[in-house]
Each structure stands twice: as structure tokens, then as C-alpha cells.
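Descriptive structure summary
Here is how the chains run, residue by residue.
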Amino acid sequence: MSEYKIVTGNYSSAYGARLARAEVVSAYPITPQTSVVEKIAEFVSDGKMDTEYVKVESEHSAMAGCIAASTTGARTYTATSAHGLALMHEMLMWASRARLPVVMTNVNRAMGPPWSVWADHLDTIAQKGTGWLQFFCENNQEVLDSILMAYKICEDEDIMLPGMIVEDAFILSHTREPVEIYDQEKVDEFLPPYDPDVKLDIENPAGFGSLVMPDWYMDFAKKLEEAMEGAKDKIKEVNKEFEETFGRDPGGLIEEYKTDGVDVLVITMGSISGTSKDVIDELRDEGHNIGLARLRTLRPFPKEEIRELTKNVNVVGILDRSYSFGAAGDAAREIKEALYGHNSPVVKNYIVGLGGRDLTPEILEKIFLDTIELQDKGLDQEVEWVDLRSDRKKWRR
Amino acid sequence: MIEVRFHGRGGQGSVVASELLARAAFEEGKDVQAFPMFGVERRGAPVTAFTRIDDKKVRDHSKIHTPDIVIVLDTALMEAVDVTEGLKDDGQMVINTGKEPSEMKVNTNADVYTVDASDIAVQHGLGTEVAPIVNTAILGAVSSATGMVEEESLIDVILEHAPAKNKANAEAAKQAYEELQGPYPGEKLESPERTLLSEQTDIPKSEDLLCEDPEDHTDLPRTPIADCNSEYLNKTGSWRTVRPIVDLDTCISCGECWKYCPDVAIFVEEEGAVVDFDFCKGCGICAEICPVDAIDMEKEEKYV
Ligand code: SF4
Ligand code: SF4
């Protein structure tokens, strides 16, 4: 029987790994991820999860452990955050290039210094080119749902890529919400055991990760990109299947919220999306023709969907909880690139909430009203940093 | 939507209280959210926790700035934290104290209630007189004061989900439900009688350390560099709920307490071990380690 538990985003991750029957968990603790792996350790020691739990000495080794286990055909899981993810960087690329469907939770946290343990997307976004699928979650239920979905997508023989589930530090990781913990049998039906066609097998020795000459390397890279492209349809397909099985739509590639026929569109990622939806409802009640799209997967990047969504809108406001120094927010840059040669709405990028700065409904309302005003006043600046200390009067009542 | 803020200290169970309240409301068919202040938790340090309850889906993931209800688990905190901050005028405040609501002098227009949750907790064997665990008792009082959750659902949730001593916790909640005092209509004062500890001293706030004027921070350094000895500004003595009292006649000046104190807050002087109460956080390690049992941990309230 499925049951509702009131759990943190981190426990939701742990339940996700348990329901998915991850066979090997190789992990190293870091704030604010620690309670994910603590909970899994508890499940394992209580006999509630049949898993080889490998303690390692660093995140680099945690991912190396997942890679080795996944190569043997085991379903693997790990979790990390910020500096831990950065330390994994080399191994992240190994996992994707070896085409191993490792699934991991990354708790989005700011990079230091200044030292910070709070929410910020830069850690994840800095890894967007590593060949991992990236799912940004809005709430704790979606964390669990995305883990189950990710295994199914990533382990598909046409995809065979690793996937990262991202939850915002503290805002999800340490906040309790009701989460439906599904019936194990139902999950087993949705997600059969992992059984890859090629695996490391001592009965049939083979070499893995071998050298290729310049004549070949590029073709392997193209194959990886084809899998990434193919993941778009796969995500939509699995999303549908998920909805049919569990009665819940995790949001596919991009979630549309009241976007039909709108003049103004705002695009958000992660946990600010829920707060933003409340604000969108209020603004619509006041007569503003505004809607919201939530970018759920940064990789693969849903360019076609974005073009479709922006076909008839006048203005697009894009909220980035990170910044690519020397340029702009990454979601904004990629969305603009997708629009080039297709649609040309006015586009403004808002940099928000770095290092866990709170995004209240009040600040979000001011941002969205600013976007609405662009229709009349035209673009005032391409990128605006919101609620800086020197600028609080503009954004707060 | 109802937004609730709990004020307690690390170890008193404020976070568990915020969760139990959320569970009780969830059992009644509401959607809920419970979260602690997103910081670094330390035993004894002020802790804030929050609960959101709504008939429709709770999607808001921002912090709570203007609560409808404030719950104070430890009155000593009221010296250090402005517990009334942002509390709505038509809101409610429930305080754990043996005093009448009219004696509390809190600077709010909200209705004020009190209950002696510490006494009730001790009667039911929850914690000790020095460190009572008051979170379930206070929830009983909150249910009775606000009607936010029914007593019955609260009791059910405590019986099922309290981390330990479920029956005693449920009994404590029931007793507090009956013994609630109030409401007393609060009145916001032009110049509050109570000044916060932080306002009484000239300890600079951490943000003031970064630049001269936080509103015009043109002189913000490239990256934060802390002054040497800046740790002296963090008076960890404010976290203390119990304090070490050294019996100098028993103390043999062996220095073991000094070796083990995590805050270097106890020193061996000529007369024996002496505690620096600006920094002693009341962890009790010195009392544990003392080979001749010269140190007793006593309730802080006796000394303030
Ligand atoms: S209780 Fe003892 S060991 Fe703990 S901080 Fe105070 S002096 Fe140090
Ligand atoms: S450990 Fe005990 S006996 Fe030794 S100096 Fe400290 S108080 Fe005195």
C-alpha cells in the first residue's frame, strides 16, 4: 500500500533510492546532503534496503565507486552537493562517456567563498556540459518521482546516460512536506531490474574505457549527443507512463502553468516555482495576461518546447538562481539561443536568490510586474540582479 | 494559509514540534510544510522552526516573515531574540511560562496566552527540571488557544510519531490543553519596556563587520576577511541553559576540565577552576570529565 509520509527532500531522495532498489550506494557526506546518505545507511542497517553501502574518502571516489559498480550491471545511486559535486567533475564525465546510468541527487548549494551552505544553482549548472541529464525539482514529491523516472530513462538501451536529480539546499532538503511513498510492487512494475546488454563480467573478460584514435573519438561524442537528444522523447514517454501508473505528472521537460494565450511569460527553475505560481495566480486575478513555464530539465535542453511556448508572447522574464561570470544567467543564455531565428520577444534575465537569499512572494511579484511593464517601456537592461542590499527599496515594500 | 513560528533552543524539540503540528493538520486533510531556520544547529543556541498549513496545496517555498502564530518554548530567549517580529496584529502568541499572560509584557497587538509547559513536562517525566522537553505540552496549549488543529488529532499524532515516551507526551499535551491561560489582549508599545540583549551591548552584528554602512556597502571588501580574534565577538555564553558551578573545596586544580572544554572557557587559577561565562556554552563536558566531581551543572535561570 502506498502511504503518505511527511519527509524532507533529503529523505524523499533516500526513499526514492530505496523504492528504485539501488543495489550499490557509494557516498561521502557533505552539508546539506548528509541526511540523504544517513537515511540510506539506516535503511540498509535495518534491513529495509538490500544495498551494498560503500563508504569512501571523497566525492571523487564516491563517483568512481558508482562507475565501477554500474559497469558490472548494478543499479547505483549517490548524493552530493556543491564542493562535493565539483570534486566529482572528472568522474562525472567518465560516467557519461562510459555510458553508465548512474543516478545521483545533487543538493544545490552555493560555492564558496564566501562560505555558504544555502541554495544556489551554480554547482549543478557548472556541470551542464558533462553529459548528465539534469532534473530540477520544485518540491519533495517531485524529488522521489524524478529518481524513479530517471532510472527508467537513463537505463533505456537507447539512452544509457547518467542522471542528476537536483533539489534546492534547505528549501527542499530540510523542509518536510507530505510525500506519497508508493507501493513497492507498483514501483517494481514501473521500473524492472537493470539488466544491461554489456557489462563487466569475470566469466567474459573485456576491456573498458580504452583508447581511441582521433579518427574515432568524435564519433563517440556524437553518439552521446544523439542519446541526449533521444532522451527528450524518452522523458516525455516515461513521464506519461509515470502519470498513468502513479497518477501524478512530474512535469516532463518543461512544465506549463497557465500559459495559454499569454502575452507575458516568466520562466523559473527549482523551488521558487511554487511560490511563483501563487504570485502568477494573484496577478492573473488582477487582470494581467501572464503565465509561467518551469524549466525542469536543463539537460537535455528543451529548445523546441521553448520555441513553441514563446511563439506569441511579447515578453519573457527568465529567473536564474546562478550566474555565469562574464556573461549572464545560464537559463537565460540558453533560452535566448533557442529563440534565435525563430521568435523575437523581449527577453530580460533576473538574477535571484544566490547563496540562499530568500525569494518572497512580494519580491517575485515585483519581478513579474517589471516583466509586464517591459511591454510598454521596452527593455531597460538585459540582466538585472534582484534585491541586492543597495537596491532593496526597489524590490521590497 | 496559517503560518506558525516556534522559538526554542537546540535540544528542546522545537523542530519536532513544528513537524508534529504539521502532521496533525495533515491528518485533518490539510496540506502542510514544516522547516527549521536554515542554519547551523547547536545545542542550546536559539532555534527557530516554522509550520505552514493550508486547505489548498502549499506551494510557497519562501521563508515565513509575518507569522499568524508565534510559540515560545523558552522565555529566556526573549532577552536575545525579538519573538514578536512580524507577528500579525490579529495573531496569537503562546508562551511557556509559569506567569499570567498579563505579566508577560510582550510588544505585540496579538492575543497572548501562557501555559507552564515546563512544569507539566516534568510532572510527566519528560526531560529533567534542568532541561524539560516541553514541545508536546506546548502543542496541547496551542491546540486549545488557536483551534488550528483538534486536540484529538494532535494526541493521535503524538502517540504515533513522538520520538519517545509517547504516552507521557500525549498526557502532557492533554494537561496543557486544560491549563492554558488567556487570551490577554497584547498592546504594542511606542517604546517597549523590554530591550533585547543584542541592543544592550555594543557587540557588532556580523553584517556590520563587513563594511561601515550595510545600506551603502560601496566599501564591501572583494571577499570577506575576518579580523583576527573575531571569535571573541561571538559570545557563546548566550546559548547556555545550564551552567557549571565549581566547588572550589573539592577541586584539586588538575586542569582536566581546561583540557576538554571545547570553548576554552574554564581555567585553573590559584583558587581552582574558574569559568568564563561570556563563552561557556553549558555543554557539561567539564562536569563529566572532572575526576573528583567538583563541578555541578545548575539551571541557568537561577542565575539570571
Ligand atoms: S560547560 Fe564546561 S566544558 Fe562546556 S563550555 Fe562551559 S566550561 Fe567549557
Ligand atoms: S577537572 Fe575538576 S578538579 Fe580538575 S581542575 Fe577542573 S574542576 Fe578542578
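Notes on the structure follow. All values derive from a computational prediction rather than experimental measurement.

**As for the layout of surface pockets**
All names here are of chain A. Space inside the second largest pocket adds up to approximately 1400 Å³. Contributing to the lining of the second largest pocket are 43 residues, with R97, A98, R99, L100 and M160 lying nearest its centre. Of all the secondary-structure elements, those providing two or more residues to the lining of the second largest pocket are α3 (59-71), α4 (82-97), α6 (140-154) and α8 (214-246). Here the lining of the second largest pocket is built from residues that sort into 22 nonpolar, 5 polar and 16 charged.

**Thoughts on unusual backbone geometry**
Cis geometry is adopted by the peptide bond preceding P300(A), which originates at R299(A) and carries an omega value of -5°. Mapped onto the fold, P300(A) is located in the loop between β12 (297-299) and α10 (303-309). In this model, G182(B) is joined to P183(B) through a cis peptide bond whose omega is 5°. Inspection of the secondary structure assignment puts P183(B) in strand β7 (residues 181-185). Although it is not a glycine, M160(A) adopts a positive phi angle of roughly 45°. Locating M160(A) in the fold gives a position in the loop between α6 and β7 (163-168).

**Details of the pairing of strand β5 (residues 103-108) of chain A**
Residues and elements named next belong to chain A. Of all 6 residues in β5, 6 are buried; the element is thus mostly enclosed. Side chains V103, T105 and V107 of β5 all project onto a buried face; the interleaved residues M104, N106 and N108 project onto the opposite face, where all are buried too. Alignment of strand β4 (residues 76-81) against β5, held across 5 bridges, turns out to be parallel. Bridging across to β5, T80 finds its partner in N106. A crossover links β4 with its parallel partner β5, the connecting element being α4, and its sense is right-handed. Bridge analysis of β5 against β7 gives 6 bridges, and the strand direction is parallel. Considered in β7, the bridge of M104 is made with M164.

**Things to note about the sheet that holds β7(B)**
Residues and elements named next belong to chain B. If you walk across this open sheet you meet the 7 strands as β2-β3-β1-β4-β5-β6-β7, and the pairing is mixed. Edge positions in the sheet fall to β2 (31-36) and β7, since each has one partner strand and no second. Within the sheet, the average angular offset between the axes of one strand and its neighbour, ignoring direction, is 15°. Pairing analysis gives 6 bridges linking β2 to strand β3 (residues 46-54), with the strands arranged antiparallel. Note on β3: the bridge partner recorded for V32 is I53.

**Here we look at the pattern of salt bridges**
A side chain of one charge can pair with a side chain of the opposite charge if their charged atoms are brought near each other. Residues and elements named next belong to chain A. One pass over the full model with this rule turns up 48 salt bridges over all chains. Linking K348 and E384 is a salt bridge whose minimum nitrogen-to-oxygen distance equals 2.7 Å. Pair noted here: K348 is in strand β14 (residues 346-351) and E384 is in strand β15 (residues 383-385), with a separation of 36 residues, a long-range link. We note that K348, like E384, is buried. Via salt bridges that share partners, K348, D370, E373, K377, D380, E384 and K394 belong to a single interconnected network.

Scoring rules and cut-offs
Numbers given to residues run from 1 along each chain, matching the order in which its sequence is written. Note on labels: chains are lettered from A, ligands numbered from 1, in written order. For a predicted model such as this one, the threshold for reporting local features is a pLDDT of at least 70, and the threshold for listing and counting side-chain atom pairs is 80 or more; totals across whole chains, interfaces and linings nevertheless cover every residue. Processing note: side-chain calculations cover all non-hydrogen atoms of the structure and skip hydrogens and water entirely. Any residue with an atom within 4 Å of a point lines the site, the site being either a cavity, points on a 1 Å grid over the protein atoms alone where a 1.4 Å probe fits but cannot get out, or a pocket, an open set with protein on both sides within 12 Å along at least 5 of 7 lines. Grid points are joined across faces, edges and corners, and a volume is the space filled by probe spheres set on the points. Only runs of H or I of at least four residues qualify as helices and only runs of E of at least two qualify as strands under DSSP, and these elements are numbered from the N terminus. Amino acid classes used here: Ala, Val, Leu, Ile, Met, Phe, Trp, Tyr, Cys and Pro are nonpolar; Asp, Glu, Lys and Arg are charged; the rest, including Gly, are polar. Accessibility here uses a 1.4 Å probe with only protein chains present; expressed as a share of the type maximum, an area under 20% marks a residue as buried, one over 50% as exposed, and anything in between as partly exposed. DSSP-based pairing: two strands are paired if at least 2 bridges between them are found. Orient the strands so they point away from the viewer; a crossover is then right-handed if the path from the first strand over the helix to the second runs clockwise. Lines fitted to the C-alpha atoms define the axes, with helices restricted to the stretch that makes contact. Angles between their N-to-C directions range from 0 to 180 degrees. Think of a salt bridge as a Lys or Arg side-chain nitrogen and an Asp or Glu carboxyl oxygen that are within 4 Å of each other.

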